[in-house]
Structures are given as C-alpha cells and as structure tokens.
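# Remarks on the overall topology
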Amino acid sequence: MQQVTETKKKSFLSGLTGQIIIAMVLGATLGIILHNYISPEAAQSFSDKIKMLAAIFIRLVQMIISPLVFTTLVVGIAKLGDIKTVGRIGGKAIAWFFTASFISLLIGLFYVNILEPGVGLKLGHVDMAAATEVTAKTKTLSFENFVEHIVPKSIFEAMATNEILQIVIFSIFFGLAAASLGSTVKPVINALDKASHIVLKMVNYVMNFAPIGVFGAIAGVFAIRDAEELILTYFKFFGSFLIGISTLWIILIAVGYIFLKGRMTELLRRIVGPLAIAFGTTSSEAVFPKLTEELEEFGVKDKIVSFMLPLGYSFNLDGSMMYMTFASIFIAQFYGVHLSLGTQMAMLLVLMLTSKGIAGVPRASLVVVAATCGMFDIPVEGIALILPIDHFCDMFRSATNVLGNALATSVVGQWESNKELAANQEE
C-alpha cells in the first residue's frame, strides 16, 4: 500500500500538474525574495526579463491555435454531416453559453451589492496614467464594431492575429460547404484530419514549456508587487471577488454532477493540468490545445470538441463575466455613483452583448469594464483602481473560464451521445 502511495506521489510530481505547482511556488518565492532585497528599479528590470519566459510559452501556444481551430472545426463539421445537425448542436451551445453568462453576471451583481467592497474604501497613490492603455481600447469597442469584427475580411489576417471568432465563422462555412459536396472532398477532409493530429502532437511538445512559462509569469509579478500589502489594501475587494468566484465554481461543479453524474469527478481530474496552466499564466487561451486533447480522452467525440471549444472561447467566459459586473459596480461605489436596480440590469444586458467575441483582446475584461463605465456615466479612469490587483483576479478568472468551457463541451457531448444512442435503439 505504501509503495502504491509513493508511486502516486512520484507520478504527480513528475507529471505536468505537479511541475506547474512546483514552478508556481518557486516563482512566488523568488519574486518575494527579490522584491524585499533589491531596488524597485532592479526588480522592474528583472520582472521585464523573467516575464519573457511566460511570453515565449504563450506565443508557442498561439502559434498552434489557428491551425488547430481551423483543421479540427472543419473536420468536425464535415463529420457532423449536415446543416441541420450543426444548427442543433450550435443552438444547444449558444443556449448554454448565454445562460451561463447570465448566471455569472448575476452572481457578480449580487455580491458586489451585498458586500459593497467599494463603499468607504480609501486608496492613495492611484496611478491614473496606468489606465490609459486600457481606456484607449474602449474607443473601438461598440456594437457596430463588434458586428463588423465577427466576419473576417481575410482568413489569413484572422489566423495571423489569432482572431478565434473570425476563424470559427470561416471554418463553419468551409466545413458546411465540404459536407455538402459529399465523398468528392474526402481527400481534403482526410488531409485536414491528419494535419490536426500533427498539431495535437505539437501540443505535447509545447506543454513541456508550461512550467517554465508559469515560473516566469509568477516570479515577474511578485518581484514588483508587494502581494501582502496589495491583499491588505484590497482585502474587501479581493475577498468579495473570491466569494463570488467560489460561488460560481460551486454552481458550475454542481451542474456538472447533475448532467454528468459520477463522470464529473473524472472530468475535474483530467482538467487539473489545464486549470493550473490558466491560473499560472492568466491565459485561458494558453490551454486551448491541451484542453482539446483532455476532453477527447475524457470521451467527448472529436467532432463535438472541435465545434464547441472554439465557440466557447468566443462566447463562454464565465469567470470574466462574473468579474465584469463586479468591477463595474465596484468603481461606481468608490466614486459614489448611485445605480438603481433597473440601471444595473441594463448594464448586465449591455455586458452580455459587448463581451462576446473579444477573447483575443489583451486584458479584455478591463476593456469591457471601462467601456461599460463610460456608457453609464461612471468615471472611466476608475479602471486604475483595480489595475494593481487585477493580475491576481485574472488568475482566478482564467481558471474559471477553462472550467466553464470544459463543462459546456462535456455536457453537450453527452447530450449528443445520448441522442445517437436513442436513435440507434429505435432502429
């Protein structure tokens, strides 16, 4: 028995998840030591250099996202066979995404009103200039621009900039056209299928760099941030946010057990690695390829995974959604801007629409929060209030986004499997 336990410990420590956790601990330790013993200028220089490890890892992942989304989605749609099936699965996906987004927004709305983290908060030395980079991006964030942004001008431009939503739109049209041509395009579909397997093999190579990337990201942040001081200063804000995000996790996991029963435990075990990578790098995009692989091994058919995940990354960012209402109303509370319940519900609906399809925008949640504040006469420069603590919030947001997409894909996959099973039994 003892030998089995030791073997499990060894396999955990030598596995990707164990390595990532060790990298996070080592990165935080190094960052804290340097923060306390070297000058702020030297710490900033160190942070800029060590963060390059995380940047390289994320760029390696971004390198394979476009070909992976295109090849797997086209093959998946071709295997689905017709527009009716694509429409049925797409309808279920969109219904799930909007329901999950609405619940996530409501949770943020509920806790920020009950706990009121922005009321009476005293913050000194707020760097308003730091918000300029974020607020500048809100000028291009409008409903008209969003609609134009959905459809790519060029698939090559979309792939070059990793615009997942645009790649999804092109791939859907390409896949449906291929499916309608029948057996004549089988060689093309087979070639794309083989290409997708090559890309997935590349995923295994890239993931070997994950612990190094996580180490760089964590060390870089702790070197320039006094985590203890930040947490004490923002104790009410961060604590309230954690209560909200914990509630969302409880609801998501409970829904998972309702639909997946005992298999939910296996799903959680499989996605621990992707969750740890998203948490460490603050990038849910960084785990897209690995999550694809894990969900297929979990038993979700490749055609469902390749269809659901790209859509989820564009429309189903549960952690980010919860944070958006929370942060927007927190800023209003800080400045004493009263928002009636009707106004808050209108804000919630605006966030439902404006937040879709901006997964590729850097610091997307903050951009949407800033734009929403502008629409409801809340000082946009208030975004500077949450910038110091945003990285730590983003760790939890990114991991929650991964959990939400893994759950949505698994549940829709099970629905489709049950439907196919029932159809076969009738025959």
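Residues numbered from 1 in each chain as written. Predicted model: local features only at pLDDT ≥ 70, side-chain atom pairs only at ≥ 80, totals over all residues. Heavy atoms only, no water.

Looking at an unreviewed UniProt entry, one finds the chain named Dicarboxylate/amino acid:cation symporter and attributed to Flavobacterium frigidimaris. According to UniProt, the comment filed for the chain under the heading Subcellular location (unreviewed entry) is "Cell membrane". (UniProt positions renumbered as here; feature names shortened; annotations may be inferred.)

Quick look at the overall build of the chain now. Within the chain, the regular secondary structure consists of 20 helices and zero strands. Counting all 427 residues of the chain, 51% fall into the buried class. A fraction of 86% describes how many contacts in the chain between residues 6 or more apart in sequence connect residues 24 or more apart. Surface exposure of the chain reaches about 19,400 Å², of which carbon and sulfur atoms provide 66%. (Helix = DSSP H or I, 4+ residues; strand = E, 2+ residues; numbered from the N terminus. Buried < 20%, exposed > 50% of the residue type's maximum accessible area, 1.4 Å probe, protein only. Contact = heavy atoms within 4.5 Å. Areas by Shrake-Rupley, 256 points an atom, 1.4 Å probe, with all protein chains shown as cover.)

This paragraph deals with the packing of helix α8 (residues 164-180) against helix α16 (residues 302-315). Orientation of α8 relative to α16, taken along the N-to-C sense of each, is 145°, at an axis distance of 9 Å. As for the relative orientation of α8 and α16, their crossing is left-handed in sense. Contacts from Ile164, Leu165, Val168 and Ile172 of α8 reach α16 at Phe307, Pro310, Leu311, Tyr313, Ser314 and Phe315. Looking at side-chain class alone, the contact of α8 with α16 contains nine nonpolar, one polar and no charged residues. (Axes fitted to C-alpha atoms, helices over the stretch in contact; angles between N-to-C directions. Left-handed = near helix turned anticlockwise from the far one by under 90°. Nonpolar A, V, L, I, M, F, W, Y, C, P; charged D, E, K, R; others polar.)

Confidence in the prediction of the chain, expressed as mean pLDDT, is 83, and 86% of residues score 70 or more. Within the model, the stretch residues 1-13 combines pLDDT values under 50 with six contacts to residues more than four positions away or in other chains. (pLDDT = per-residue confidence, 0-100.)

Moving on to the UniProt feature "transmembrane region" (unreviewed entry) in the chain. Within this numbering scheme, the UniProt entry marks residues 12-34, 54-81, 93-114, 164-185, 205-225, 237-260, 329-352 and 364-387 as carrying the feature "transmembrane region" (unreviewed entry). When the span residues 93-114 is considered, its composition is 100% helix and 0% strand, and the gap between its end C-alpha atoms is 32 Å. Strand forms 0% of residues 237-260 and helix 100%; the C-alpha atoms that close the span are 34 Å apart.

This part takes up the environment of Ser246. Examined against the element boundaries, Ser246 turns out to sit in helix α12 (residues 235-260). Separated by 154 residues in sequence, Ser246 and Thr400 place their C-alpha atoms 9.4 Å apart.

What follows deals with the pattern of salt bridges. Within the structure shown, the criterion is met by nine salt bridges. For Glu416, the salt bridge is made with Lys92, and the minimal N-O distance between the two is 2.8 Å. With Glu416 in helix α20 (residues 383-426) and Lys92 in helix α4 (residues 83-115), this pair connects stretches of sequence that are 324 residues apart. Where Glu294 meets Lys290, a salt bridge forms, and the shortest distance between an N and an O atom there is 3.6 Å. Here Glu294 and its partner Lys290 are both found in helix α15 (residues 288-298), four residues apart, which amounts to about one turn of the helix. As far as the burial class goes, Glu294 and Lys290 line up, both buried. It is possible to trace a salt-bridge network through shared partners that takes in Glu266, Arg270, Lys290, Glu293, Glu294 and Glu297. (Salt bridge = Lys/Arg side-chain N within 4 Å of Asp/Glu carboxyl O.)

This part covers the packing of aromatic side chains. Scanning all chains against the criterion turns up 18 aromatic pairs. Ring geometry for Phe222 and Phe392: centres 5.7 Å apart, planes at 75°, overall edge-to-face. Taken together, the residues span a long stretch of sequence, with Phe222 in helix α10 (residues 210-224) and Phe392 in helix α20 at a distance of 170 residues. Like Phe222, the residue Phe392 is buried in the burial classification. Note that Arg263 overlies the ring of Phe298, its terminal NZ or CZ placed 4.1 Å from the centroid. Positioned above the aromatic ring of Tyr323, the side-chain terminus of Arg397 is 4.1 Å from the ring centre. (Phe/Tyr/Trp six-rings, centres within 6.5 Å; stacked < 30°, edge-to-face > 60°. Lys NZ or Arg CZ within 6 Å of the ring centre and 35° of its normal.)

Before going further, it helps to examine α16. End to end, α16 covers 20 Å across 14 residues, agreeing with the expected 20 Å (1.5 Å per residue, within 8%). The element α16 is largely enclosed, with a buried count of 13 among its 14 residues. (Expected span 1.5 Å × (residues − 1).)

Moving on, we come to the nonpolar core. Judged by nonpolar contacts, the single largest core of 119 residues is most densely connected at Phe57, Phe237, Ile386 and Phe392. Of all the elements, α20 adds the most residues to this core, at 16 residues. (Core = buried A, V, L, I, M, F, W, Y, C linked by side-chain atoms within 4.5 Å.)

Our next topic: a nonpolar patch on the surface. On the surface, a cluster of nonpolar side chains totalling about 410 Å² of accessible area is made up of Met63, Ile198, Met202 and Tyr205. Ranked by residues supplied to the nonpolar patch, first place goes to helix α9 (residues 186-207) with three residues. (Patch = residues over 30% accessible without salt bridge, like charges linked within 9 Å, V, L, I, M, F, W, Y side chains within 5 Å.)

Unusually for a residue other than glycine, Thr282 sits at a positive phi of about 55°. Relative to the elements of secondary structure, Thr282 occurs in the loop between α14 (272-281) and α15. In the Ramachandran plot, Asp377 falls in the positive-phi region, its phi being about 55° despite a non-glycine side chain.

For the rest of this paragraph, the subject is the environment of Ile245. Residue position: Ile245 is located in helix α12. Along the primary structure Ile245 and Met322 are separated by 77 residues, whereas in three dimensions their C-alpha atoms are 7.3 Å apart. Aside from chain neighbours lying at most four places away, what touches Ile245 is Gly319, Met322, Phe396 and Thr400.

The next thing to look at is the packing of helix α3 (residues 40-80) against α15. Packing of α3 against α15 leaves a shortest axis separation of 9 Å and a crossing angle of 50°. Relative to α15, the element α3 is oriented oblique. Between α3, through Val61, Ile64, Ile65, Leu68 and Val69, and α15, the contact on the second element is made entirely by Phe288, Pro289 and Thr292. Broken down by class, the residue content of the contact of α3 with α15 amounts to seven nonpolar, one polar and no charged. (Parallel < 35°, antiparallel > 145°, perpendicular 65-115°, else oblique.)

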